[in-house]
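Given next are the chains, with one letter for each unit.
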Amino acid sequence: MRTNKMLAIRAVLTFLYQLYGLVKEMEFMKSYTYIDNSNVFIEAQRVSAIKEGMAADLDDAIFRRIFNFKYKLDYGKMYEYFCGEHQAEIGCAKLWGSPPPSDSFWKMVQKQGFQVVTYDRNAAGKEKKVDVAIAYAITKDAYTSIDKENSEIVLVAGDKDYVPVIEDLKSEGFRVVVVFWDHAAKELKEAATKFIPLNQWLDYMQLQS
């Protein structure tokens, strides 16, 4: 009886030790965040339009090109949500987008903590090769500065163009979390280690006037 009791106590202590190790590992997990700004911003306005009753559903919003242009993202809250509150937890926080008429917007974004990379738009209004640039940056960082054992890569984008790079990184043992609005590409959701939907945070991440 005494032997069984000692074994039970030892099992409990072993479990608590392993749990403590897991907690400590999570505590020091670094995040490397990469944001396709135009993608997340434009789709936020589409999601907001649906919520405000301007469109019946996503298909209706896409077909009629309905957006709630009054909706603006709070980049301070974005930084906090995507990257964490403690500097020691942040490996990098990089944001890609096209430059507006004034550079004051990007100065504000940089002030919130993001490293900004701007790209001009082509004649069709599409940003030139932003997805390629982001994929390249993630891959370069993964193989030069990211510790796969104690870090995670956070991609804030919704296009399936990112699927190949995510699959390659996962096959090499990297943890890749995709964060986006609920209607992100199905292939992207399935490729990610974990998908975190943003719709529930729509109001929280709105810039208050």
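Source: prediction; values computed, not measured.

Asks: Residue-level account of the pattern of salt bridges, with values.
Replies: This model, assessed by the stated rule, comprises five salt bridges. Between Arg64 and Asp60 there is a salt bridge, with the nearest N and O atoms lying 2.8 Å from each other. In this pair, Arg64 and Asp60 both sit in helix α3 (residues 58-64), four residues apart, roughly one turn of the helix. Given the relative accessible area of 18%, Asp60 is considered buried. Between Arg175 and Glu152 there is a salt bridge; the shortest N-O distance is 2.8 Å. Remark: Glu152 occurs in strand β4 (residues 151-156) and Arg175 occurs in the loop between α7 (163-171) and β5 (176-180); sequence separation between them is 23 residues.

Asks: An account of the sheet that holds β4 is needed here, citing residue identities and associated values.
Replies: Overall, parallel pairing links the six strands, which are arranged β3-β2-β1-β4-β5-β6 in an open sheet. If you trace the sheet from one side to the other, it starts and ends with β3 (115-118) and β6 (194-197), each paired once. On average, each strand axis in the sheet is tilted by 20° relative to the strand beside it, whichever way the strands run. Bridge count for β4 against β5 is three bridges, and the pairing is parallel. Looking across to β5, one finds that Val154 is bridged to Val177. Lying over the sheet, helix α4 (residues 75-83) contacts β1 (30-36), β2 (90-97), β4, β5 and β6, oriented at roughly 135° with respect to β1. Against the sheet, α7 contacts β4 and β5, and its axis sits at roughly 150° relative to β5.

Asks: Could you give an account of the environment of Gln110, naming the residues involved and the relevant values?
Replies: Along the chain, Gln110 falls in helix α5 (residues 104-111). Accessibility expressed as a relative area gives 43% for Gln110, which makes it partly exposed. Along the primary structure Gln110 and Gly76 are separated by 34 residues, whereas in three dimensions their C-alpha atoms are 9.9 Å apart.

The rules behind each value
Residues numbered from 1 in each chain as written. Predicted model: local features only at pLDDT ≥ 70, side-chain atom pairs only at ≥ 80, totals over all residues. Heavy atoms only, no water. Salt bridge = Lys/Arg side-chain N within 4 Å of Asp/Glu carboxyl O. Helix = DSSP H or I, 4+ residues; strand = E, 2+ residues; numbered from the N terminus. Buried < 20%, exposed > 50% of the residue type's maximum accessible area, 1.4 Å probe, protein only. Pairing = 2+ DSSP bridges. Axes fitted to C-alpha atoms, helices over the stretch in contact; angles between N-to-C directions. Contact = heavy atoms within 4.5 Å.

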